[in-house]
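Descriptive structure summary
Residues per chain are reported as follows:
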Amino acid sequence: MQNLNLIDGRWCPALHGGQLAVTDPATDEVLTHVPNGGADDARAAIAAAAAALPAWRDRTAAERARPLRRLAELMLERADALATLMTREQGKPLAEARGEIAYAASFIEWAAEEAKRIYGETVPASHPDKRILVLRQPVGVTACITPWNFPAAMITRKLGPALAAGCTMVVKPAAQTPLSALALGELAIEAGIPAGVVNIVTGDARAIGGAIFDAPVVRKVSFTGSTEVGQQLMVQAAQHVTRLSLELGGHAPFLVFDDADLDAAVRGAMATKFRNSGQTCICANRFFVQAGVHDAFVARLSAAVADLRLGHGLDDDVTVGPLIDDAAMAKVADHVDDARRKGARLVIGGAAATPRPGLTARFFQPTILDGFTDQMKVCHEETFGPVAPVRRFTTEDEAIALANASPFGLAAYFYTRDASRLMRVAERLEYGIVGANDGAPSTAQAPFGGVKASGFGREGGRYVMHEYLDIKYVSWGLG
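Let me sum up the structure you'll find in this document. A quick note: this is a predicted structure, and the numbers were derived from the prediction, not measured. (Residues numbered from 1 in each chain as written. Predicted model: local features only at pLDDT ≥ 70, side-chain atom pairs only at ≥ 80, totals over all residues. Heavy atoms only, no water.)

With that settled, the discussion passes to the sheet that holds strand β13 (residues 284-290). Taken in spatial order, the seven strands make up an open sheet running β14-β17-β18-β13-β12-β20-β21, and their pairing is mixed. Strand pairing shows two members of the sheet lacking a second neighbour, β14 (345-348) and β21 (433-436), which therefore form its edges. Averaged over all pairs of adjacent strands, the angle between strand axes in this sheet comes to 20 degrees, irrespective of strand direction. By the bridge criterion, three bridges tie β14 to strand β17 (residues 367-370) in an arrangement that is antiparallel. Its bridge partner being in β17, I348 is matched across the sheet by I368. Packed on one face of the sheet, helix α10 (residues 294-306) meets β12 (252-256), β13, β14, β17 and β18 (387-393) and runs near 50 degrees to β14. (Pairing = 2+ DSSP bridges. Helix = DSSP H or I, 4+ residues; strand = E, 2+ residues; numbered from the N terminus. Axes fitted to C-alpha atoms, helices over the stretch in contact; angles between N-to-C directions. Contact = heavy atoms within 4.5 Å.)

Now for α10. For α10, with 13 residues, the first-to-last C-alpha span of 18 Å sits near the 18 Å given by 1.5 Å per residue. Taken together, the buried positions of α10 are H294, F297, V298, L301, S302 and V305. Seen from one end, α10 has its buried residues packed into an arc of 130 degrees, which puts them on one side. In α10, those exposed residues whose orientation departs by more than 90 degrees from the buried face are D295 and A306. Structurally, α10 contributes buried residues whose contacts are with β12, α9 (262-273), β13, β14, β17 and β18. (Expected span 1.5 Å × (residues − 1). Buried < 20%, exposed > 50% of the residue type's maximum accessible area, 1.4 Å probe, protein only. Arc of directions from axis to C-beta.)

What follows concerns the packing of aromatic side chains. Two aromatic rings, taken as a pair, are described by how far apart their centres are and by the angle between their planes. Scanning the model with the defined rule gives eight aromatic pairs in all. Each ring, one from F288 and one from F372, has its centre 5.6 Å from the other, and the planes form 55 degrees; the classification is tilted. With a gap of 84 residues between them, F288 in strand β13 and F372 in the loop between β17 and α12 (377-380) connect regions that are remote in the sequence. Each member of the pair, F288 together with F372, is buried. (Phe/Tyr/Trp six-rings, centres within 6.5 Å; stacked < 30°, edge-to-face > 60°.)

Burial runs high along β18: six of the seven residues are buried. Bridging between β13 and β18 involves four bridges; their strand directions are parallel. Of the residues in β18, the one forming a bridge with Q290 is F393. The pairing of β17 with β18 spans four bridges and is classified as parallel. Counted as the bridge partner of T367 is V387 from β18.

Applying the stated criterion to the full structure yields 32 salt bridges. The closest approach of N and O atoms between E114 and R117, which form a salt bridge, is 3.0 Å. For R117, a relative accessible area of 40% gives the class partly exposed. With a shortest N-O distance of 2.8 Å, D338 and K342 are connected by a salt bridge. In this structure D338 comes out as buried when scored by relative accessible area, which is 2%. Here the salt bridges share partners, and the residues they tie into one network are R157, K158, E247 and E459. (Salt bridge = Lys/Arg side-chain N within 4 Å of Asp/Glu carboxyl O.)

So, on to the nonpolar core. Formed by 60 residues in total, the largest nonpolar core has its most connected members in M75, L163, M169 and I193. Tallying contributions element by element places helix α4 (residues 94-114) first for this core, with ten residues. If we ignore the near neighbours within four places in the chain, the residues touching L163 are W56, R64, L68, M169, I193, V197 and V198. Core analysis: the next-biggest nonpolar cluster, separate from the first, contains 31 residues, F364, M376, F384 and I400 among them. (Core = buried A, V, L, I, M, F, W, Y, C linked by side-chain atoms within 4.5 Å.)

The subject of this paragraph is the packing of helix α3 (residues 79-90) against α4. In contact at an axis separation of 8 Å, α3 and α4 are set at 125 degrees when each is read in the N-to-C sense. Considering the angle they form, α3 stands oblique to α4. Here the hand of the crossing between α3 and α4 comes out right-handed. Counted together, A79, D80, L82, A83, T84, M86 and T87 of α3 and L94, A97, R98, E100 and I101 of α4 form the full contact between these two elements. Each residue belonging to the contact of α3 with α4 can be placed in one class, and the counts come to seven nonpolar, two polar and three charged. (Parallel < 35°, antiparallel > 145°, perpendicular 65-115°, else oblique. Left-handed = near helix turned anticlockwise from the far one by under 90°. Nonpolar A, V, L, I, M, F, W, Y, C, P; charged D, E, K, R; others polar.)

Don't take any of this as a statement about function, it's just geometry.
Rendered as structure tokens:
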């Protein structure tokens with residue numbers, strides 16, 4: 001278990017000492033300590049990335065792709081060990097952790113292949129003695145700041161394209177889940193990625209982030225996290241006009257129309273709502289169900305929720321793990337209590353639980369609330385927990401208006417068997433990702449990202465490569 005920073009191919013303690021404990025959220029067991037790095041550690045990592053840039057950038061696409069493919073292979077070969085480590089530091093069930101490792105590896109593999117498809121253009125000139133060339137070149141040194149809920153995939157979704165494009169990167173993982181990042185760093189070295197191309201610094205987010213944005217050599221930062229922090233980063237980025245990709249908060253609606261396949265809708269709801277204990281940016285947060293199928297949908301969803309099993313992610317048959325920390329527990333409990341006080345009906349769940357002796361009090365029962373209203377916190381705030389509030393609607397226009405009544409625009413879901421409605425609703429939903437009869441739309445080859453207060457930029461597919469490339473126009477005079 002690696003527990004030091006990776007800077008210029010070397011494993012390093014914090015320059016000024018200090019450590020952070022990494023704990024299992026299900027048991028409070030201290031797994032290890034990692035460096036409590038700060039601005040000087042970040043500066044050292046940035047300098048290493050800058051020094052490594054010219055040689056990495058000058059490699060051919062095929063030469064960059066080879067170690068990236070090997071990294072993806074190593075991740076799959078070590079999937080069990082990586083998944084166990086992730087479950088211990090993050091809490092998600094082992095089966096979900098294994099799925100995340102495969103998902104994370106897919107971003108590296110996809111990016112390695114896309115490296116060979118970074119094309120330029122020739123544009124017809126307006127004069128016979130000129131030629132116009134359009135080149136796409138790596139932006140340079142980049143950085144990423146990643147969250148705790150997907151501690152491997154949120155890194156590889158940024159790291160793979162950056163390296164494939166010819167950039168180098170400094171990674172700042174979440175303080176709660178640094179071990180998955182450091183394990184990826186070990187595999188990057190084993191895969192043959194040169195020293196300084198990948199650097200990983202754990203510690204003080206504010207100090208490390210400040211050093212990143214203070215450095216003019218860092219030309220691009222990708223961040224996944226809250227809208228509030230994203231807004232702060234936009235201010236910091238103005239100093240050197242640093243390019244940003246921001247995947248920020250979400251508040252996903254989930255619409256079920258009268259003509260939907262209810263069994264499919266329930267499967268989709270379970271996939272998007274209760275994965276990772278409801279702690280994902282694209283979790284369904286508001287369920288709108290048409291009046292004709294409302295009661296049947298709630299009954300079927302309740303039956304499915306009753307089959308979920310709370311527990312430590314390494315225990316057999318567990319499907320819902322702990323929340324990440326006490327603050328998360330308090331927020332979920334507050335949202336449920338607020339909704340019940342204001343008239344929502346508790347269908348199932350609704351309370352904290354202790355699945356077995358020796359576990360913490362960070363487990364919350366998977367919960368369904370029926371009849372939520374505009375006055376409740378669940379209507380306006382991202383719960384980030386295993387709570388499904390349901391509300392009935394009458395018409396398609398009403399459903400669209402309710403779904404779009406949010407400053408956020410990351411993901412939305414709806415279920416219908418009417419092809420015309422499918423296209424109408426997909427076009428009218430103000431979200432960057434729409435799951436139409438699909439509760440699990442994330443995949444490496446598709447553009448992932450939001451609109452409105454959910455940020456900008458896309459990660460995935462060919463679109464993500466443009467985030468790490470500059471366009472250069474060359475006007476070539478022949479005379």
